[in-house]
Amino acid sequence: MTDRLEPGDEAPDFTLSDADGEPFTLSSLRGEKVLLYFYPAAMTPGCTKESVDFEASLPDLAGAGVKVVGVSPDAPAKLVRFRERDGLTFPLLSDPDRKVLQAYAAYGEKKLYGRITVGVIRSTFLIDEEGKIEKAYYNVRATGHVSRLRKELGL
């Protein structure tokens, strides 16, 4: 597993397919702040709650100059269903080989219901306009996470 990213680190650049199968490159958003979040699986209760909370916060985040991008190991077809079912309008990216998840240390051992397992570590990164990590949050809870981010961003 990769060492965890910390404020000041360069955000690993990547290109992944979005829900429509189109390539999306993180560095295409240079000059803008990005909230990049990693979630375990589309259409599950926790991931739905977190994603819907991000969607509800988009106007305030956009007003603060922040773009939201979600990443999971799900196939693009599942991401399309997720987007359409829950009315999500920000990019949802597919990382089936988990290379980007690993680059951000968002994949590895975690505790789930008291047991150690290997999987996606729910994580969020605020990336600044120059592509550096401004804030890194690991092992976040789906419920209340977006509210906490909004508070920390003064929104």
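Residues numbered from 1 in each chain as written. Predicted model: local features only at pLDDT ≥ 70, side-chain atom pairs only at ≥ 80, totals over all residues. Heavy atoms only, no water.

J.: Is there a simple way to explain the sheet that holds strand β2 (residues 23-25) in this structure?
T.: Within a beta sheet, neighbouring strands are joined by backbone hydrogen bonds and run either parallel or antiparallel to one another. Judged by pairing direction, the sheet is mixed, and its seven strands sit side by side in the order β2-β1-β5-β4-β3-β8-β9 without closing on themselves. Across the chains shown, the open sheet's two edge strands, defined by having one partner strand only, are β2 and β9 (133-137). Each adjacent strand pair in this sheet contributes to an overall mean axis angle of 30°, direction not counted. Pairing analysis gives two bridges linking strand β1 (residues 15-18) to strand β5 (residues 92-94), with the strands arranged antiparallel. Residue pairing for β5: Asp 18 is matched across the bridge by Leu 93. (Pairing = 2+ DSSP bridges. Helix = DSSP H or I, 4+ residues; strand = E, 2+ residues; numbered from the N terminus. Axes fitted to C-alpha atoms, helices over the stretch in contact; angles between N-to-C directions.)

J.: How should the packing of helix α1 (residues 45-63) against helix α4 (residues 145-152) be read in this particular structure?
T.: The description of two packed helices rests on the angle between their axes and on the distance between the axes. At a minimum axis separation of 9 Å, α1 and α4 run at an interaxial angle of 30°. When the axis of α1 is compared with that of α4, the two are roughly parallel. Contacts between α1 and α4 involve Glu 50, Asp 53, Phe 54, Ser 57 and Asp 60 from the first element and His 145, Val 146, Leu 149 and Arg 150 from the second. (Parallel < 35°, antiparallel > 145°, perpendicular 65-115°, else oblique. Contact = heavy atoms within 4.5 Å.)

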